[in-house]
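# Summary of the model geometry
Listed below, chain by chain, are the residues.
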Amino acid sequence: MQRLTFYVDPLEANTEIVIKDPFESSIVKGGQLQAAYRKYQDYLHSYEQQLITQQSKRADLYQDKSRNEEALRQVSTEIEKIEELRVQAQRKFIVENPDNYFSLLALQEVARHGSDVSQIEPLFLKLSVDLQKQQ
């Protein structure tokens, strides 16, 4: 199953979707909200690809009848490392894109990864005033 995520801005509802082969090369054109999502998606793309690869390896290891526990631990450790790098990238995205709606969503994700208030509040304060009001 493949999916294509996109956002439609109610103020700029004109959205064009072109499905291509391979599916990953499909194109979504829309308003500012879609452009902001695309920027965020592109920013995290390499981490998402690495996670997909490692999660696929982990799934294969779980399905393997011999169940190599050491290999499972190694893949799980690699996934944790990639997830931490992704969180660091999200923090950087927030700082570099204080007006991007997806910075607010990134902040929510970062907060779920066990960060305490002393680490989250400075990021929140980097957001534009408009985004701070939306939280």
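Above this text you will find the structure in question.
These lines cover the structure that appears in this document, whether it is placed above or below. (Residues numbered from 1 in each chain as written. Predicted model: local features only at pLDDT ≥ 70, side-chain atom pairs only at ≥ 80, totals over all residues. Heavy atoms only, no water.)

### Topic: the overall build of the protein chain
When helices and strands are counted, the protein chain shows five helices and two strands. The C-alpha atoms of the protein chain give a radius of gyration of 18 Å, which is well past the 14 Å a tight globule of 135 residues would have. Along the first, second and third principal axes, the C-alpha atoms of the protein chain reach 55 × 45 × 20 Å. In the protein chain, the proportion of contacts linking residues at least 24 apart, taken out of those at least 6 apart, comes to 50%. Here the protein chain has roughly 9400 Å² of accessible surface; of this, 49% comes from carbon and sulfur atoms. (Helix = DSSP H or I, 4+ residues; strand = E, 2+ residues; numbered from the N terminus. Rg over C-alpha atoms; globule rule 2.2 N^0.38 Å. Contact = heavy atoms within 4.5 Å. Areas by Shrake-Rupley, 256 points an atom, 1.4 Å probe, with all protein chains shown as cover.)

### Some thoughts on the environment of serine 26
Counting through the fold element by element, serine 26 comes out in the loop between strand 1 (16-18) and strand 2 (27-29). Along the primary structure serine 26 and aspartate 99 are separated by 73 residues, whereas in three dimensions their C-alpha atoms are 26 Å apart. Look past the residues within four positions of serine 26 in its chain and what remains in contact with it is Leu4, Val18, Ile19 and Lys20. For serine 26, the side chain forms a polar contact with the main-chain nitrogen of lysine 20, separated by 3.1 Å. (Polar contact = N/O pair within 3.5 Å; in protein donor to acceptor, adjacent residues only side chain to side chain.)

### Observations concerning the nonpolar core
Among the nonpolar cores identified, the biggest contains 17 residues, and Tyr40, Ile94, Phe102, Leu107, Val110, Leu123 and Leu127 are the most heavily contacted of them. For this core, the elements supplying multiple residues, two or more each, are helix 1 (32-63), helix 2 (69-96), helix 3 (101-112) and helix 4 (117-126). Apart from the residues lying within four places of it in its own chain, the contact partners of isoleucine 94 are Ser103, Ala106, Leu107, Leu123 and Leu127. In terms of nonpolar packing, the next biggest core, distinct from the first, is built from seven residues, Leu51, Leu72, Ile79 and Ile82 among them. (Core = buried A, V, L, I, M, F, W, Y, C linked by side-chain atoms within 4.5 Å. Buried < 20%, exposed > 50% of the residue type's maximum accessible area, 1.4 Å probe, protein only.)

### Comments concerning the packing of aromatic side chains
We describe a pair of aromatic rings using the distance from one ring centre to the other and the angle between the two ring planes. Across all of its chains, the model carries seven aromatic pairs by this definition. Ring centres 5.0 Å apart and planes at 65° place the aromatic pair tyrosine 43 and phenylalanine 93 in the edge-to-face group. Placement of tyrosine 43 in helix 1 and of phenylalanine 93 in helix 2 is noted, with a sequence separation of 50 residues between them. Residue classification places tyrosine 43 among the partly exposed residues on the basis of a relative accessible area of 26%. (Phe/Tyr/Trp six-rings, centres within 6.5 Å; stacked < 30°, edge-to-face > 60°.)

### A closer look at the pattern of salt bridges
A full pass over the atoms with the stated rule returns six salt bridges. Across the pair arginine 67 and glutamate 69 runs a salt bridge, and its minimum N-O distance is 3.5 Å. Across the pair arginine 73 and glutamate 70 runs a salt bridge whose closest N-O atoms are separated by 3.1 Å. Of the two residues, arginine 73 and glutamate 70 are both situated in helix 2; the distance of three residues between them amounts to about one turn of the helix. A residue is classified by how much of its surface remains accessible, and glutamate 70, at 41% relative accessible area, is partly exposed. (Salt bridge = Lys/Arg side-chain N within 4 Å of Asp/Glu carboxyl O.)

### Quick look at the environment of glutamine 119
Along the chain, the position of glutamine 119 falls in helix 4. Taking the C-alpha atoms as reference points, glutamine 119 and glutamate 84, separated by 35 residues in sequence, lie 14 Å from one another.

### Looking at helix 1
Taking 1.5 Å as the rise per residue, helix 1 with 32 residues should run 46 Å; its terminal C-alpha atoms sit 43 Å apart, in good agreement. Among the residues of helix 1, those classed as buried are Gln34, Ala36, Tyr37, Tyr40, Leu44, Leu51, Gln54 and Leu61. The inward-facing, buried residues of helix 1 contact strand 2, helix 2 and helix 3. (Expected span 1.5 Å × (residues − 1).)

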